[in-house]
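Topology and contacts: notes
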Amino acid sequence: MYVCICNAIREKDLRGAARSHSGDAEALYARLGCQPQCRQCLDDAEDMVADERACALA
């Protein structure tokens, strides 16, 4: 599933970045070589990042 249509960032890529790197969704977008464009995805992206990190701690 695409998280960010503007940058074609997929959920699996964002979750992988969240496991490997610190920072918020915007920082992870930068790690993936992108930056938020319309910014409509950031709330959902932040939720995915938090979820992925919570699962990693469990």
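Each remark here, short or long, concerns the structure printed above.
Along the backbone of the protein there are three helices and two strands. Ordering the α and β elements of the protein from the N terminus gives β-β-α-α-α. Taken over the C-alpha trace, the protein has a radius of gyration of 10 Å; the compact-globule value for 58 residues is 10 Å, and the two agree within 12%. For the C-alpha atoms alone, the extent of the protein along its principal axes is close to 35 × 15 × 15 Å. Considering only contacts within the protein whose residues lie at least 6 apart along the sequence, 45% involve residues at least 24 apart. When the accessible area of the protein is evaluated, it comes to approximately 3800 Å², of which 46% is carbon and sulfur surface. With 7 positive and 10 negative side-chain charges, the protein shows a separation of 7 Å between the mean positions of the two kinds.

Next up on the list: the pattern of salt bridges. Applying the stated rule across the entire model yields five salt bridges. Among the salt bridges present, the one from E11 reaches R15, with a minimum N-O distance of 2.8 Å. Of the two residues, E11 and R15 are both situated in helix α1 (residues 11-20); the distance of four residues between them amounts to about one turn of the helix. With relative accessibility at 17%, the residue R15 sits in the buried group. When the shortest N-O distance is used, the salt bridge between R15 and E52 registers 3.0 Å. Taken as a pair, R15 in helix α1 and E52 in helix α3 (residues 42-57) lie far apart in primary sequence, 37 residues in all. Residues participating in the shared-partner salt-bridge network are E11, R15, R19, D51 and E52.

Moving on, we come to the environment of E26. Here E26 shows up in helix α2 (residues 25-31). You can call E26 partly exposed: its relative accessible area is 34%. It is 12 Å that separates the C-alpha atoms of E26 and Q40, two residues lying 14 residues apart in sequence.

What counts and how
- Residues numbered from 1 in each chain as written.
- Predicted model: local features only at pLDDT ≥ 70, side-chain atom pairs only at ≥ 80, totals over all residues.
- Heavy atoms only, no water.
- Helix = DSSP H or I, 4+ residues; strand = E, 2+ residues; numbered from the N terminus.
- Rg over C-alpha atoms; globule rule 2.2 N^0.38 Å.
- Contact = heavy atoms within 4.5 Å.
- Areas by Shrake-Rupley, 256 points an atom, 1.4 Å probe, with all protein chains shown as cover.
- Lys, Arg positive; Asp, Glu negative; His and termini not counted.
- Charge placed at Lys NZ, Arg CZ, Asp CG, Glu CD.
- Salt bridge = Lys/Arg side-chain N within 4 Å of Asp/Glu carboxyl O.
- Buried < 20%, exposed > 50% of the residue type's maximum accessible area, 1.4 Å probe, protein only.

Just distances and angles here, no functional claims.
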